[in-house]
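Overview (structure and organization)
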Amino acid sequence: MKSADRAVIRQAEAASGVDGYTLMKRAGASVARELETLAPRFSRIVFLAGNGNNAGDAFVAAAQVDFPRVKVFAAQEKASYRGEAAAALREFGSSFDFEVRETLRQGDLLPGDLVVDAILGIGFHGETVRAPLDQWINFVNASRLAVLSLDLPSGIDADTGIAAETGAVAATWTLTFGIPKTGLFLNDGERLSGILHFADLGFPQIGQGIDLYTVAEAARDLPRRDFDEHKKSCGSVLVACGSCRYPGAGRLAATAALRGDAGYVTLASQAEIYEIPAALLVRSISGASALKELFAGHDVLVAGCGWGEQSVEMLQCALDFPGTLLLDADALNLLARHPEVWKKRENVILTPHPGEAKRLATAFGITETLPRCELALELAKKLHAVVLLKGAGTLVATPQGEISRNTSGSPTLATAGSGDVLAGLIGALLSRKLSPFTAAKLGAFLHGRCGEIVPSGLIADDLPLLFGEAFDAVRRHGISMYPVLSYKF
């Protein structure tokens, strides 16, 4: 990132006289725009400005944000700042309430504050944060206030994602500039970065590795509805999910497929299903042969959610489905117990959570302790299937070695039935003729966006009701608020 920063500045200076300070002003303006979206739910914005250039971003943003109550606490006097941060103070320093703090104290942060973390930037590397900034970080965390970190949470190593032993900021949101930093997706960085937003400052793509799936890719991939569409042209999904022990799993997956834009959906279940949408077709099945009779007329089969102790014949039947197949939950556990029934086929998605992925790895001779990225890739290659490995930063891998990391989501999605909803949503996207890789990536992003819309108190039943808002936000390209490039790290 530092190399790219210097290269862009050199190119910009040669072409148009744009220098590093101009790029800082662009970054600060992007922070101000972000804050104007977040701030209405807060009573005050408090900037915490450290000693480096991250402080300059904060100074620009504090001057430009359209909000009545703004406070800046700085780690040093104005005269002590150097470089672009000093230039920002010369231009904007009279536009906000500036106060020096060696250590933060009781009353500096108040209930209702939104804290902007500009304490440390990508220059931090090491095991400890030096005093007094270590006290700032721990004071912010103890306040339990909402935090927007600039570039990455202070105290996180930008390369490794490892937090300082003295502590790192636990961010609610992180606005990263130019190019995402590897540390945002590794170790403590993944846990502490919160919801990621990206501000494009015009940096070129650098490096090779995992594609980050952001709102730009989601807006590109989301199918458009034609005015002359009808239910048959929108695709059909057969949901073979649920059991007497887990009757709700089928209802969740099938409802998600309906609300995910499938033309029509059939739920095939061994359980009695209650409180279902009127548009949902329900068929009671007693076993594999009854399921096979429903294959005709359906483009996609979603199978496994809530199966419980199902027979291996049911799995073998699902594998014979002629269209696109998604296997989730108990179908994957059944496969792990009977790997001998697996047969290489096209157009299949597996959606394991970490425990299911480890069981599959053991069954198919893969080292289960591999890092997440390698585990997803090995499973995809071994089973010749698209593998969606759930968790914070959901990964989607292909047999050809492609891998993508989702950038949406929140901890509220860690709730029973959430995975059933994801399976149904991906099934609907598959019915709209998206490839398995694209449908898995887009489904994970939209599902994650629903978790961002409702920050607390979410249950799986709520998720399909949020699809409309998530779809519309992507179509408006309004989730991240900035144009975003495709990045790799």
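Since the structure is predicted, the reported quantities are computational estimates derived from the model, not experimental observations.

So, about the pattern of salt bridges. Per the counting criterion, the structure on display carries 17 salt bridges. In this structure, the salt-bridge partner of arginine 475 is aspartate 472, at a minimum N-O distance of 3.9 Å. Pair noted here: arginine 475 and aspartate 472 are both in helix 16 (residues 467-475), with a separation of three residues, about one helical turn. Each of Lys71, Asp97, Glu99, Arg101 and Asp108 takes part in one network of salt bridges that share partners.

A separate point is the pairing of strand 10 (residues 264-269). For strand 10, the buried fraction is high: six of the six residues fall into the buried class. With helix 8 (residues 247-259) bridging strand 9 (residues 236-240) and the parallel strand 10, this β-α-β connection has right-handed handedness. Strand direction decides the pairing type here: strand 10 and strand 11 (residues 281-284), joined by four bridges, are parallel. Paired with alanine 268 across the strands is arginine 283, a residue of strand 11.

Another point: the side chain of threonine 398. Its place among the elements puts threonine 398 in the loop between strand 16 (395-397) and strand 17 (403-406). On the accessibility criterion, threonine 398 (3% relative accessible area) is buried. Residues contacting threonine 398, with those up to four places away along its chain left out, are Leu377, Ala380, Ala385, Val386 and Phe437.

Here we take up the sheet that holds strand 13 (residues 324-328). If you walk across this open sheet you meet the ten strands as 8-17-16-15-14-13-12-9-10-11, and the pairing is mixed. Each edge of the sheet is formed by a strand with only one pairing partner; in this case those strands are strand 8 (211-213) and strand 11. If you compare each strand with its neighbour and ignore which way they point, the axes differ by 20 degrees on average. Contacting strand 9 and strand 10, helix 8 crosses the sheet at an angle of about 170 degrees to strand 10. Running over the sheet, helix 14 (residues 418-431) touches strand 9, strand 12 (300-303), strand 13, strand 14 (348-351) and strand 15 (386-389) and is turned about 175 degrees from strand 13.

Our next topic: helix 14. Residues spaced three or four apart along an α-helix face the same direction, because each turn holds 3.6 residues. Taking 1.5 Å of rise per residue, 14 residues should cover 20 Å, and helix 14 covers 20 Å from first to last C-alpha, within 8% of that figure. Phi turns positive, to about 75 degrees, at lysine 433, one or two residues after helix 14.

Time to look at the nonpolar core. Core analysis: the largest hydrophobic core is formed by 54 residues, its most contacted members being Val237, Val239, Val265, Val302, Ile426, Leu442 and Leu446. If we ignore the near neighbours within four places in the chain, the residues touching valine 265 are Val237, Val239, Ala254, Ala257, Leu258, Leu280 and Leu281. Of all hydrophobic cores here, the second largest spans 46 residues; its members include Leu238, Ala240, Met314 and Cys317.

Conventions and cut-offs
- Residues numbered from 1 in each chain as written.
- Predicted model: local features only at pLDDT ≥ 70, side-chain atom pairs only at ≥ 80, totals over all residues.
- Heavy atoms only, no water.
- Salt bridge = Lys/Arg side-chain N within 4 Å of Asp/Glu carboxyl O.
- Helix = DSSP H or I, 4+ residues; strand = E, 2+ residues; numbered from the N terminus.
- Buried < 20%, exposed > 50% of the residue type's maximum accessible area, 1.4 Å probe, protein only.
- Right-handed = clockwise from strand over helix to strand, strands pointing away.
- Pairing = 2+ DSSP bridges.
- Contact = heavy atoms within 4.5 Å.
- Axes fitted to C-alpha atoms, helices over the stretch in contact; angles between N-to-C directions.
- Expected span 1.5 Å × (residues − 1).
- Core = buried A, V, L, I, M, F, W, Y, C linked by side-chain atoms within 4.5 Å.

These figures come from the coordinates and say nothing about function on their own.
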